Amino acid sequence: MFTANGDYSLLEGNYLFYEIGKRAREYQAANPDSDIIRMGIGDVTRPLVPAVIDAMHRAVDEMGSEKTFHGYGPDFGYDFLREAILRRDYTARGAGISVDEIFISDGAKCDVGNIQELFSRDCIVGIMDPVYPVYLDTNVMGGRSGRFSPKRNGYERIVYLPATESNGFVPDLPKERVDVLYLCYPNNPTGMTLSHSQLRVFVDWANETGALLLYDSAYESYITDENVPHSIFEIEGAQTCAIEFRSMSKTAGFTGTRCAYTVVPKALVRLDSFGNKVSLYDMWARRVSTKFNGVSYITQVGAAAAYNEGYEQIKDVVAYYMENARIIREGMESAGYTCFGGINAPYVWIKVPHGDSWRFFDELLKERNIIGTPGAGFGASGEGYFRMTAFASRENTLSAMKRMEK
Ligand code: PLP
């Protein structure tokens with residue numbers, strides 16, 4: 001008889017965005033004339049840039065001709081894209097990654113979840129708190145979390161590392177056993193970053209303890225500060241302890257087009273649950289070629305254009321969002337709020353004066369018709385904060401801040 005995976009029943013549910021949507025709908029139904037500005041969901045709003053569109057049109061034409069048609073692509077992605085990524089994202093920054101360590105995928109979200117197939121079931125997982133919920137929920141689904149403990153306000157077997165104002169939003173090293181640690185910088189939701197020396201502390205810790213670091217730098221292209229690392233592989237020693245996830249979603253507006261990549265170094269070697277020495281690179285390559293048939297040729301051509309002829313156009317779009325971030329940060333500061341982030345990331349993390357982020361959500365919705373995201377939805381340490389995103393139009397960003405002036 002079939003038995004379903006009971007771990008799914010341990011999930012706390014899609015509470016955050018479900019609840020935001022519900023409250024917004026109820027308010028709109030009761031106030032049909034209200035003009036709500038949405039600064040809650042981290043989805044891009046600018047269209048794909050012309051160079052990407054042109055490249056994709058050409059690729060579509062190639063698909064229509066017998067001579068230039070492409071069927072199944074190479075398992076790990078086309079070299080024209082992997083090489084463009086290598087040049088721009090790694091070689092130019094002195095990160096010694098090789099082209100075959102780059103695996104093209106259809107999303108960082110899928111890969112941060114799928115990577116768990118490489119962990120043994122009894123690995124102890126550490127996450128930052130507040131956190132991008134996917135790291136947590138996929139580990140609950142994978143049977144690594146234990147039950148949710150209301151007393152602990154978290155799962156029994158997950159190690160939470162608070163990233164708060166008191167530690168500059170960079171967690172302290174774990175004080176207990178952690179085998180896999182998720183780090184996300186520039187951070188969603190806090191919009192904060194870490195320096196080379198702060199990242200080096202994690203790399204050294206992982207190499208000393210044998211832990212694995214999963215470094216999500218989906219917002220790397222928003223970094224403006226020279227002292228902020230774009231890749232964990234800029235840090236010496238990272239190749240023996242880290243896997244990195246990147247995405248074209250926020251870099252090039254690919255949230256709907258779907259393209260990302262994961263870097264798994266060949267130097268990443270560990271013992272498996274039978275005591276055998278294994279290469280995580282070989283395991284991931286095996287997984288990808290067994291379970292994934294690649295990202296479409298058309299999409300990869302478009303992604304390559306974002307690295308090549310479209311690079312300046314992409315930078316303009318990023319600058320557009322970062323100008324929104326500046327407007328939000330300065331607008332909220334002049335309205336009297338303490339703000340974090342928004343300088344190297346498209347998120348501004350706002351301190352809620354009375355400390356109750358859901359109450360603040362309701363106040364902003366009702367009094368100013370603005371929607372953001374309550375920090376409590378990202379974890380216990382997110383309570384007391386509120387996230388606003390720069391992924392709105394300039395017009396809406398300016399009107400939202402005008403409403404905050406009142
Ligand atoms: N990682 C972080 C930290 C994110 O915030 C997001 C999207 O919101 C993703 C990954 C997902 O990226 P993708 O669109 O490539 O799946």
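Residues numbered from 1 in each chain as written. Predicted model: local features only at pLDDT ≥ 70, side-chain atom pairs only at ≥ 80, totals over all residues. Heavy atoms only, no water.

### Some points on the side chain of T164
Then, in step 1: Here T164 lies in the loop between strand 6 (158–162) and strand 7 (180–184).
Then, in step 2: In this structure T164 touches F169 and S381, once residues within four positions along its chain are discounted. (Helix = DSSP H or I, 4+ residues; strand = E, 2+ residues; numbered from the N terminus. Contact = heavy atoms within 4.5 Å.)

### Some words on the domain arrangement of the chain
Then, in step 1: Assigned domains within the chain: domain 1 (7–47 + 312–405) and domain 2 (79–307).
Then, in step 2: When each unit is reduced to the centre of its C-alpha atoms, the spacing between domain 1 and domain 2 is 25 Å.
Then, in step 3: Facing the 30 residues of domain 1 at the interface are 42 residues of domain 2.
Then, in step 4: Taking both partners together, domain 1 and domain 2 bury about 2900 Å²; carbon and sulfur atoms supply 60% of that area.
Then, in step 5: Interface area lost by domain 1 to domain 2 is led by L10, N344 and F378, which between them contribute 22%.
Then, in step 6: Our count for the contact surface shared by domain 1 and domain 2 stands at two salt bridges.
Then, in step 7: The partner of K351 in a salt bridge is E165, with the nearest N and O atoms 2.9 Å apart.
Then, in step 8: At the boundary of domain 1 with domain 2, the tally comes to 13 residue pairs in polar contact (both at pLDDT 80 or more).
Then, in step 9: Listing elements by their share of the side of domain 1 that touches domain 2, those giving two or more residues are helix 10 (311–334), strand 13 (339–341), strand 14 (347–351) and strand 17 (385–389).
Then, in step 10: Per element, the largest residue contribution to the side of domain 1 that touches domain 2 is four residues, and it comes from helix 10. (Domains from an automatic or database assignment. Buried area = accessible area lost by both parts, 1.4 Å probe. Salt bridge = Lys/Arg side-chain N within 4 Å of Asp/Glu carboxyl O. Polar contact = N/O pair within 3.5 Å; in protein donor to acceptor, adjacent residues only side chain to side chain.)

### A word on the packing of helix 3 (residues 79–90) against helix 9 (residues 297–307)
Then, in step 1: Running from N to C, helix 3 and helix 9 point in directions that differ by 25 degrees, and their axes come no closer than 9 Å. Put simply, helix 3 runs roughly parallel to helix 9. Here helix 3 runs over helix 9; the crossing is left-handed. Here F80, L81, A84, I85, R88 and D89 of helix 3 lie close against helix 9, whose contacting residues are Y297, Q300, V301, A303, A304 and Y307.
Then, in step 2: Tallied by class, residues from the contact of helix 3 with helix 9 come to nine nonpolar, one polar and two charged. (Axes fitted to C-alpha atoms, helices over the stretch in contact; angles between N-to-C directions. Parallel < 35°, antiparallel > 145°, perpendicular 65-115°, else oblique. Left-handed = near helix turned anticlockwise from the far one by under 90°. Nonpolar A, V, L, I, M, F, W, Y, C, P; charged D, E, K, R; others polar.)

### Thoughts on the packing of aromatic side chains
Then, in step 1: Tallied over the entire structure, the rule returns 23 aromatic pairs.
Then, in step 2: Ring plane angle 75 degrees and centroid distance 5.3 Å describe the contact between Y78 and Y297, whose orientation is recorded as edge-to-face. Pair noted here: Y78 is in the loop between helix 2 (50–63) and helix 3 and Y297 is in helix 9, with a separation of 219 residues, a long-range link. Note on accessibility: Y78 and Y297 belong to one class, buried.
Then, in step 3: Ring geometry for W349 versus F378: centroids 6.2 Å apart, planes at 65 degrees, classification edge-to-face. Taken together, the residues W349 in strand 14 and F378 in the loop between strand 16 (373–374) and strand 17 connect sequence positions 29 residues apart. (Phe/Tyr/Trp six-rings, centres within 6.5 Å; stacked < 30°, edge-to-face > 60°. Buried < 20%, exposed > 50% of the residue type's maximum accessible area, 1.4 Å probe, protein only.)

### A few points about the pairing of strand 10 (residues 260–263)
Then, in step 1: Side chains A260 and T262 project from strand 10 onto one buried face, and the interleaved Y261 and V263 project onto a second face that is buried too.
Then, in step 2: With four bridges connecting them, strand 2 (residues 102–105) and strand 10 associate as antiparallel partners. Bridge assignment links I102 to a residue of strand 10, and that residue is V263. (Pairing = 2+ DSSP bridges.)

### Considering the layout of surface pockets
Then, in step 1: By volume, the largest pocket is sized at about 1300 Å³.
Then, in step 2: The wall of the largest pocket is formed by 48 residues, among which L16, F17, Y132, P133 and V134 lie closest to the centre.
Then, in step 3: Within the residue set of the lining of the largest pocket, elements represented by two or more residues are helix 1 (15–30), helix 4 (108–114), strand 3 (125–129), helix 5 (133–141), strand 5 (154–155) and helix 7 (248–252).
Then, in step 4: For the lining of the largest pocket, the element with the most residues is helix 5, which contributes seven residues.
Then, in step 5: When the residues that make up the lining of the largest pocket are grouped by side-chain class, the tally is 26 nonpolar, 12 polar and 10 charged.
Then, in step 6: Of the residues that make up the lining of the largest pocket, three or more belong to each of domain 1 (7–47 + 312–405) and domain 2 (79–307).
Then, in step 7: The calculated volume of the second largest pocket comes to roughly 510 Å³.
Then, in step 8: Around the second largest pocket sit 28 residues that line it, and R93, E220, S221, H230 and Y311 are the ones nearest its centre.
Then, in step 9: Among the elements of the structure, helix 3, strand 9 (242–247), helix 7, helix 9 and helix 10 are those that each provide at least two residues to the lining of the second largest pocket.
Then, in step 10: For the lining of the second largest pocket, the element with the highest residue contribution is helix 10, accounting for five residues.
Then, in step 11: Across the lining of the second largest pocket, the residue classes tally to 13 nonpolar, six polar and nine charged. (1 Å grid on protein atoms, 1.4 Å probe; cavity = no way out; pocket = protein on both sides within 12 Å on 5 of 7 lines; lining within 4 Å. Points joined across faces, edges and corners; volume = space filled by probe spheres on them.)

### A short note on the pattern of salt bridges
Then, in step 1: Counting across every chain of the model gives 20 salt bridges.
Then, in step 2: Of the charged contacts in the structure, one is a salt bridge between E312 and K315, with a shortest N-O distance of 3.7 Å. Of this pair, E312 and K315 both sit in helix 10, three residues apart, which is roughly one turn of the helix.
Then, in step 3: Residue E330 is joined to R326 by a salt bridge in which the shortest nitrogen-to-oxygen separation is 2.7 Å. Placement of both E330 and R326 in helix 10 is noted, with a separation of four residues, approximately one turn of the helix.
Then, in step 4: Residue E330 is classed as partly exposed on the basis of its relative accessible area, which comes to 42%.
Then, in step 5: Overlapping salt bridges bring together D89, E220, E244 and R246 as one network.

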